[in-house]
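These are the residues of each chain, in order.
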Number of protein chains: 2
Amino acid sequence: MSLATIKEIAKLANVSIATVSNVLNQKPGSASPEKVEKVLKVAKSLNYRPNYLAQSLKRQRSRSIGIIAEDLTVSQTAEIINGIEEYCEEYDYEALLANMRLFKRYGNNLSAIPERSVLFNRAFDNLVSKQVEGCIYIGYHGREVSFSPPDTGLPFVYTYCVPKDKSYPYVLSDDENASLEIGRALISMGHRRIGIISGPVNSFNSQKRLVGIQQALFEASIPYNVGTTVIGDWTRECGYHAASQLLSQGVTAIYAFSDKMISGVYTYCIEHRISVGKDISLFGFDDSDIVHAYTPPLASAKPDLQEMGHKAAELVLAQLQGKTVCTKCHVLPCTIHVRPSVCSIGEA
Amino acid sequence: MSLATIKEIAKLANVSIATVSNVLNQKPGSASPEKVEKVLKVAKSLNYRPNYLAQSLKRQRSRSIGIIAEDLTVSQTAEIINGIEEYCEEYDYEALLANMRLFKRYGNNLSAIPERSVLFNRAFDNLVSKQVEGCIYIGYHGREVSFSPPDTGLPFVYTYCVPKDKSYPYVLSDDENASLEIGRALISMGHRRIGIISGPVNSFNSQKRLVGIQQALFEASIPYNVGTTVIGDWTRECGYHAASQLLSQGVTAIYAFSDKMISGVYTYCIEHRISVGKDISLFGFDDSDIVHAYTPPLASAKPDLQEMGHKAAELVLAQLQGKTVCTKCHVLPCTIHVRPSVCSIGEA
DNA sequence: GTGAAAGCGCTAACAG
DNA sequence: CTGTTAGCGCTTTCAC
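Keep in mind that what you see is a predicted model, and the values were worked out from it rather than measured.

## Digging into the protein's contact with DNA strand C
Inspection of the region around DNA strand C gives 27 residues, with A:Ile6, A:Tyr48, A:Lys58, B:Ser32 and B:Lys58 positioned closest. Atoms of DNA strand C within 4 Å of the protein: sugar and phosphate make up 71%, bases the balance. With respect to DNA strand C, the side chain of A:Lys58 contributes an N or O atom lying 3.2 Å from a base oxygen. Note that a phosphate oxygen of DNA strand C is positioned 2.9 Å from one of the side-chain N or O atoms of B:Thr19. Counting residues per element, the ones that place at least two in the surface near DNA strand C are helix 1 (6-13), helix 2 (17-24) and helix 4 (52-59) of chain A together with helix 2 (17-24) and helix 4 (52-59) of chain B.

This is how it looks when you write it as structure tokens:
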């Protein structure tokens, strides 16, 4: 019933617990072949599994890093965690997850909820308590995150968000460049009046994406027209409303900073018999599941979430090896998927 | 730098470690008010956090349950985990996650990959090693799962899958009843020729959903026509192909066992100028993000994943309290969302 | 009230 | 090669 210990193995195998430990840890030449065999046999028959708690306590080493996720159910989080775990596995580390469930508790409206910092501290304490050797924070919507770890010299890395306290490294997708490429693609296809549906201004993602598209316009000597930029809130609904506003201004293409918002535009177009990929070109961001649900499929930019996880883990493990890492923003390229929802301006 | 211990607190507060421990654990009347205050002050100043490893080792109690997820990035998994965590939090337990990354490694083709059991054993050992008091297995696509925990009397509960070994409880959504309701809804709207796009036959979900719709037909004395059932593989592509086959047979409604498959049908309809919600009624399953992306929005059935997580956790914790739980299938209702993608047969 | 001491399961000197 | 021993940080009798 209760778990076997090395003590029991030692008794049954007629050896000392030290020998059992040595054998189990494969210390070279520390036991005769017969004893090795005996110990291994007894261990297997007892279905022995080392007690991680005791092991780590004794070794003073957990070989684990913590993940503080703002919300596990927000679409990007799982992919990032997956990336972290992949990287950790390679280096024989493991990841411990603390999920704050922020979105489940408060939705998108995270501002001015003091309770949040309680949740953060609880999550952090929990992880430290478990002796993690480092920690990765996963935000959402690229918000600015105001909490940072109290004192400890624990390696701490942020991802998918921007820490207020710039003394920690953070990992983001290169939204600016992605946006630049999107702009170039649209412009190269002849579009000059491009409507933009931005995310909220407090989102770092929004900021960067805006700068990128502006840069593309600038390169092509097309003046940026604030009048054809609508500020949205990431929802389908706002995309829908923005569509009518933008289309009435005669834009030939609409670039929304999320697939969800562009999906509202899509709905508007259908309702008004505007043919996507013919009468109007549409570009989204995130490359979420819904892009393939449309006819024609939606063009979008895909952040490499897995790679962001890798990078974040790399930054933590590097610090654990004593390397100093740059406490700056580490930026990873997106992939631009141009799909039939965009077309050249003469083609229609 | 390194973490403070009760020993250090004891020294600084001029008390014994036993007193520190008593104070920190709020043992009533075990220390004078002055000492309590002193200890608390020192603890705070040292930023003390109890060592979970040592604590649990000593207490012989981890107050944690393990989660073995087949793949964290499969859409339903995170929601279920969220539910488990919510339930655990109420009872002062916590969840430890072991992610096998099965989908990331092998995609949908999980059959005949012997390595899988290695991954399962590794995950299970890892969790047991950490002294979890129980375990929840989260599958995907309602497959039959052939691995079960080796020996240990550890409470073990499956969810979103069906264990081959029926001596463990498992939690599923009530797909049969959901399907029955979908069938009734369609029939009540006048549909008699209903095309079905099933998932793979080895999916328990497929089986149940098929039985449900058959039951609805039976109730209405409509003979079930195998010729208008296509077996798909959960993908959009197969939905697309099934659509042409089904529509040529003159069905007035198509019910696909996943939103993804129905989304292929949607594409087919657009390409062939068949008006969804007028010329044809469409019903999906899962109620995923994409249902709102369509115009008109897609009708679908929503499994209560969060509640499934709650239930699974409940079944584990109940066993920990010595209660015996039913080692049967525990089934949770879905919500049926009828949306404008379906219409009455005369309405068109 | 308070502290000394034992011990949770394990690893790592160290002696033999 | 093998076993004895100390001790990781903590909780918990049990004397005082």
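## Looking at unusual backbone geometry
Of the consecutive residues A:Thr295 and A:Pro296, the connecting peptide bond is found in the cis state with omega at -5 degrees. By secondary structure assignment, the location of A:Pro296 is in the loop between strand 11 (281-283) and strand 12 (300-302). One non-glycine residue with positive phi stands out, namely A:Asp286, at about 115 degrees. Here A:Asp286 is to be found in the loop between strand 11 and strand 12. Its identity as a non-glycine residue notwithstanding, B:Gln131 has a phi of 65 degrees, on the positive side. Here B:Gln131 lies in the loop between helix 7 (115-129) and strand 3 (135-138).

## Structural notes on the UniProt feature "domain: HTH lacI-type" (unreviewed entry) in chain A
The positions that UniProt labels "domain: HTH lacI-type" (unreviewed entry) are, in the present scheme, residues 4-59 of chain A. Counted over residues 4-59 of chain A, helix gives 66% and strand 0%. Its end C-alpha atoms are 20 Å apart.

## Notes on the domain arrangement of chain A
For chain A, the assigned domains are domain 1 (6-50), domain 2 (62-173 + 304-335) and domain 3 (175-303). One C-alpha centre belongs to domain 1 of chain A, the other to domain 2 of chain A; they are set 40 Å apart.

## Topic: the pairing of strand 10 (residues 253-256) of chain A
Residue and element names in this part refer to chain A. Going residue by residue along strand 10, you find Ala-253 and Tyr-255 tucked away on one face and Ile-254 and Ala-256 tucked away on the opposite face as well. Here strand 8 (residues 194-198) pairs with strand 10 via 4 bridges, running parallel. Bridge pairing links Ile-196 to Tyr-255 in strand 10. With 3 bridges connecting them, strand 10 and strand 11 associate as parallel partners. The residue of strand 11 that forms the bridge with Tyr-255 is Phe-283. The β-α-β motif built from strand 10, the intervening helix 11 (residues 259-271) and the parallel element strand 11 has right-handed crossover chirality.

## Quick look at the environment of B:Gln245
Residues and elements named next belong to chain B. Along the polypeptide, Gln-245 turns up in helix 10 (residues 236-248). For Gln-245, a relative accessible area of 40% corresponds to the partly exposed category. Distance from Gln-245 to Ile-65, taken between C-alpha atoms, is 48 Å for residues 180 residues apart in sequence.

## What to know about the packing of helix 4 of chain A against helix 4 of chain B
Across the interface, helix 4 of chain A lies against helix 4 of chain B with an axial gap of 9 Å and an inter-helix angle of 135 degrees. By the criterion of interaxial angle, the relationship of helix 4 of chain A to helix 4 of chain B is oblique. Viewed along their axes, helix 4 of chain A and helix 4 of chain B form a crossing whose handedness is left-handed. Contact residues: A:Tyr52, A:Leu53, A:Ala54, A:Ser56 and A:Leu57 in helix 4 of chain A; B:Tyr52, B:Leu53, B:Ala54, B:Ser56 and B:Leu57 in helix 4 of chain B.

## Section: the protein's contact with DNA strand D
Around DNA strand D sit 28 residues, and of these A:Ser32, A:Lys58, B:Ile6, B:Tyr48 and B:Lys58 come closest. Atoms of DNA strand D within 4 Å of the protein belong to the sugar or the phosphate in 67% of instances, the rest to bases. The contact in question runs from a sugar or linking oxygen of DNA strand D to an N or O atom on the side chain of A:Gln60, over 3.2 Å. Between DNA strand D and B:Gln55, the relevant distance is 3.0 Å, taken from a phosphate oxygen to a side-chain nitrogen or oxygen of the residue. For the surface near DNA strand D, the secondary structure elements donating two or more residues are helix 2 and helix 4 of chain A together with helix 1 (6-13), helix 2 and helix 4 of chain B. Tallied by class, the residues present in the surface near DNA strand D amount to 10 nonpolar, 12 polar and 6 charged.

## Concerning the pattern of salt bridges
Counted by the stated rule, this structure contains 30 salt bridges over all chains. A salt bridge links B:Glu79 to A:Lys104, with the nearest nitrogen and oxygen atoms 2.9 Å apart. On the criterion of chain membership, the pair formed by B:Glu79 in helix 5 (residues 75-90) and A:Lys104 in helix 6 (residues 102-106) is interchain, its members lying in two chains. Owing to a relative accessible area of 32%, A:Lys104 belongs among the partly exposed residues under this scheme. Across the salt bridge formed by A:Lys302 and A:Asp287, the nearest N and O atoms sit 3.4 Å from each other. Taken together, the residues A:Lys302 in strand 12 and A:Asp287 in the loop between strand 11 and strand 12 connect sequence positions 15 residues apart.

## Quick look at the packing of aromatic side chains
Residue and element names in this part refer to chain A. According to the stated counting rule, one finds 33 aromatic pairs over all chains in the structure shown. Ring centres of Phe-103 and Tyr-140 lie 5.7 Å apart, and the angle between their planes is 85 degrees; on these two criteria the pair is classed as edge-to-face. Of this pair, Phe-103 sits in helix 6 while Tyr-140 sits in the loop between strand 3 (135-138) and strand 4 (144-145), placing them 37 residues apart in sequence. Classification of Phe-103 as partly exposed rests on a relative accessible area of 33%. A relative accessible area of 1% means that Tyr-140 is categorised as buried. Each ring, one from Phe-120 and one from Phe-124, has its centre 6.2 Å from the other, and the planes form 15 degrees; the classification is stacked. Residue Phe-120 and its partner Phe-124 are both found in helix 7 (residues 115-129); the two are separated by 4 residues, about one turn of the helix. Take Phe-120 and Phe-124: they sit in the same class, and that class is buried. Taken together, Phe-120, Phe-124, Tyr-137, Phe-147, Phe-156, Tyr-158 and Tyr-168 form an aromatic cluster joined through their ring pairs.

## Topic: the interface of chain B and chain A
With 52 residues of chain B at the interface, the matching set in chain A holds 52 residues. Counting across the interface, chain B meets chain A through 12 salt bridges. B:Arg122 is the partner of A:Glu89 in a salt bridge, and the nearest nitrogen-oxygen pair spans 3.9 Å. At the surface where chain B touches chain A, the tally comes to 19 residue pairs in polar contact (both at pLDDT 80 or more). Put simply, the parts of the chain that give the side of chain B that touches chain A at least two residues each are helix 4, helix 5, strand 2 (94-99), helix 6 (102-106), helix 7 and helix 11 (259-271) of chain B. Ranked by the residues each element gives to the side of chain B that touches chain A, the list is headed by helix 5 of chain B, at 7 residues. Its residues placed into classes, the side of chain B that touches chain A shows 19 nonpolar, 16 polar and 17 charged.

## Quick notes on the sheet that holds strand 2 of chain B
Sheet strands pair by backbone hydrogen bonding; their relative direction is either parallel or antiparallel. Residues and elements named next belong to chain B. Taking strand neighbours across the sheet as the criterion, the 6 strands line up as 2-1-3-5-7-13 in an open arrangement whose pairing is parallel. Only two strands of the sheet have a single partner each, and these edge strands are strand 2 and strand 13 (329-332). Going across the sheet, the axis of each strand differs from the next one's by a mean of 20 degrees, ignoring polarity. Pairing between strand 5 (residues 156-159) and strand 7 (residues 170-173): 2 bridges, direction parallel. Note on strand 7: the bridge partner recorded for Tyr-158 is Tyr-170.

About the criteria used
Residues numbered from 1 in each chain as written. Chains lettered and ligands numbered in written order. Predicted model: local features only at pLDDT ≥ 70, side-chain atom pairs only at ≥ 80, totals over all residues. Heavy atoms only, no water. Near = heavy atom within 4 Å. Polar contact = N/O pair within 3.5 Å; in protein donor to acceptor, adjacent residues only side chain to side chain. Helix = DSSP H or I, 4+ residues; strand = E, 2+ residues; numbered from the N terminus. UniProt positions renumbered as here; feature names shortened; annotations may be inferred. Domains from an automatic or database assignment. Buried < 20%, exposed > 50% of the residue type's maximum accessible area, 1.4 Å probe, protein only. Pairing = 2+ DSSP bridges. Right-handed = clockwise from strand over helix to strand, strands pointing away. Axes fitted to C-alpha atoms, helices over the stretch in contact; angles between N-to-C directions. Parallel < 35°, antiparallel > 145°, perpendicular 65-115°, else oblique. Left-handed = near helix turned anticlockwise from the far one by under 90°. Contact = heavy atoms within 4.5 Å. Nonpolar A, V, L, I, M, F, W, Y, C, P; charged D, E, K, R; others polar. Salt bridge = Lys/Arg side-chain N within 4 Å of Asp/Glu carboxyl O. Phe/Tyr/Trp six-rings, centres within 6.5 Å; stacked < 30°, edge-to-face > 60°.

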